[in-house]
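Each chain, letter by letter, is given below.
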Amino acid sequence: MTGRKVEINYTVYSSPDEMTASDRELVEAAMKAQKTSYAPYSRFNVGAAVRLEDGRIVPGSNQENAASPSGLCAERTAMFAAGAHYPGVAQVSIAVVGGPEQTLCTFPATPCGACRQVMAQYQKIGGKPMSVILIGKKEIWKFDSVDDVLPFTFTSLD
Ligand code: THU
């Protein structure tokens, strides 16, 4: 029998000012996208912004529906839009911000499992690490790869 440990690395920023200009721009895009959230049921508004390898930014927000499973999280809205509009262009970063009633959680709201799985697949097909930036009021967390938010990823592409 062997015990193993999985190490997860991430950087904590106390303000977007500590980040690179490119990451800061992505954070601002996610915050702008949060305003487009349609969440009349949960009243939890989430915005996301995907950075493509060509520098382009694709925003998304959570879109709810009276038939609840028909709604979609902000992260997948953004990633699927990026995949649909710019097929074959790697998604190299995603920033996410969420909070009740258009506010910001004190600590970052973390992506659901389904969104992490979708991130893993776009990272895989893009062929380069996708960083994940999670925005809270007090702290911003940056993971350099989806591997750090979803270890032991399922993929049938191997
Ligand atoms: N939500 C997201 O947009 N992203 C996540 O990673 C978790 C949850 C949305 C789904 C739903 O519209 C609302 O937040 C409350 O769960």
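Residues numbered from 1 in each chain as written. Predicted model: local features only at pLDDT ≥ 70, side-chain atom pairs only at ≥ 80, totals over all residues. Heavy atoms only, no water.

Colleague: Help me understand helix α3 (residues 113-126), please; the structure alone is not making it clear to me.
Modeller: The periodicity of an α-helix, 3.6 residues per turn, causes residues three or four positions apart to be oriented the same way. Compared with the 20 Å implied by 1.5 Å per residue over 14 residues, the 20 Å span of α3 between its first and last C-alpha is a close match. Those residues of α3 not exposed but buried are Cys115, Arg116, Val118, Met119, Ala120, Tyr122 and Gln123. (Helix = DSSP H or I, 4+ residues; strand = E, 2+ residues; numbered from the N terminus. Expected span 1.5 Å × (residues − 1). Buried < 20%, exposed > 50% of the residue type's maximum accessible area, 1.4 Å probe, protein only.)

Colleague: For this particular structure, what's the right way to read the site of the ligand?
Modeller: The environment of the ligand is formed by Ser42, Phe44, Val46, Asn62, Glu64, Cys73, Ala74, Glu75, Pro111 and Cys112. Glu64 places a side-chain nitrogen or oxygen 2.5 Å from an oxygen atom of the ligand. Using a 2 Å cut-off from the grid points, one finds that the ligand occupies the largest pocket. Elements that contribute at least two residues to the shell around the ligand include exactly β2 (44-52) and α2 (74-85). When its residues are assigned to classes, the shell around the ligand shows six nonpolar, two polar and two charged. (Near = heavy atom within 4 Å. Polar contact = N/O pair within 3.5 Å; in protein donor to acceptor, adjacent residues only side chain to side chain. 1 Å grid on protein atoms, 1.4 Å probe; cavity = no way out; pocket = protein on both sides within 12 Å on 5 of 7 lines; lining within 4 Å. Sits in = over half its atoms within 2 Å of the grid points. Nonpolar A, V, L, I, M, F, W, Y, C, P; charged D, E, K, R; others polar.)

Colleague: Can you walk me through the sheet that holds β2 in this structure?
Modeller: Strand pairing in a sheet relies on backbone hydrogen bonds. The paired strands run either parallel or antiparallel. The six strands lie next to each other as β1-β6-β5-β4-β2-β3, forming an open sheet whose pairing is mixed. Every interior strand has two partners, whereas the edge strands, β1 (11-13) and β3 (57-61), have only one. On average, each strand axis in the sheet is tilted by 15° relative to the strand beside it, whichever way the strands run. Bridge count between β1 and strand β6 (residues 140-143): three bridges; the pairing is antiparallel. Pairing of Thr11 across the sheet is with Lys142, part of β6. Contacts from α2 reach β2, β3 and β4 (91-100), with the element oriented near 30° to β2. (Pairing = 2+ DSSP bridges. Axes fitted to C-alpha atoms, helices over the stretch in contact; angles between N-to-C directions. Contact = heavy atoms within 4.5 Å.)

Colleague: Explanation requested: unusual backbone geometry in the structure shown.
Modeller: A positive phi angle, close to 50°, is found at Glu101, a residue other than glycine. You can see Glu101 is positioned in the loop between β4 and α3.

Colleague: So what exactly am I meant to see when it comes to the pairing of strand β5 (residues 131-135) here?
Modeller: The side chains of a regular strand alternate, first on one face of the sheet and then on the other. By the criterion of burial, β5 is predominantly enclosed, with five of the five residues buried. Pairing of β4 with β5, which is carried by five bridges, proceeds in the parallel orientation. Looking across to β5, one finds that Ser93 is bridged to Ser131. Each parallel crossover has a hand, and the one from β4 via α3 to β5 is right-handed. Relative to β6, β5 runs antiparallel, the two sharing four bridges. Each residue of the ladder has a partner; that of Ile135, found in β6, is Ile140. (Right-handed = clockwise from strand over helix to strand, strands pointing away.)

Colleague: What's the story with the layout of surface pockets in this structure? I'm lost.
Modeller: If a probe as big as a water molecule is rolled over the atoms, it shows which places are left empty. The computed volume of the largest pocket comes to approximately 160 Å³. Lining the largest pocket are 13 residues, and of these Phe44, Val46, Cys73, Glu75 and Thr110 sit closest to its centre. Sorting the residues of the lining of the largest pocket by element identifies β2, α2 and β4 as the ones contributing at least two each. Class assignment for the residues of the lining of the largest pocket results in nine nonpolar, three polar and one charged. (Points joined across faces, edges and corners; volume = space filled by probe spheres on them.)

Colleague: Which parts of the structure should I look at to understand the packing of aromatic side chains?
Modeller: Describing an aromatic ring pair means giving the distance of the ring centres and the angle of the ring planes. Counted according to the given criterion, the structure contains three aromatic pairs. Centre to centre, the rings of Tyr10 and Phe143 are 4.8 Å apart; their planes meet at 20°, and the pair counts as stacked. With Tyr10 in the segment before β1 and Phe143 in strand β6, this residue pair connects regions lying 133 residues apart in the sequence. Assessed through its relative accessible area of 6%, Phe143 is described here as buried. By way of ring pairs, the aromatic residues Tyr10, Trp141 and Phe143 are connected into one cluster. (Phe/Tyr/Trp six-rings, centres within 6.5 Å; stacked < 30°, edge-to-face > 60°.)

Note that every value here comes from positions in space, so none of it alone points to a role or purpose.
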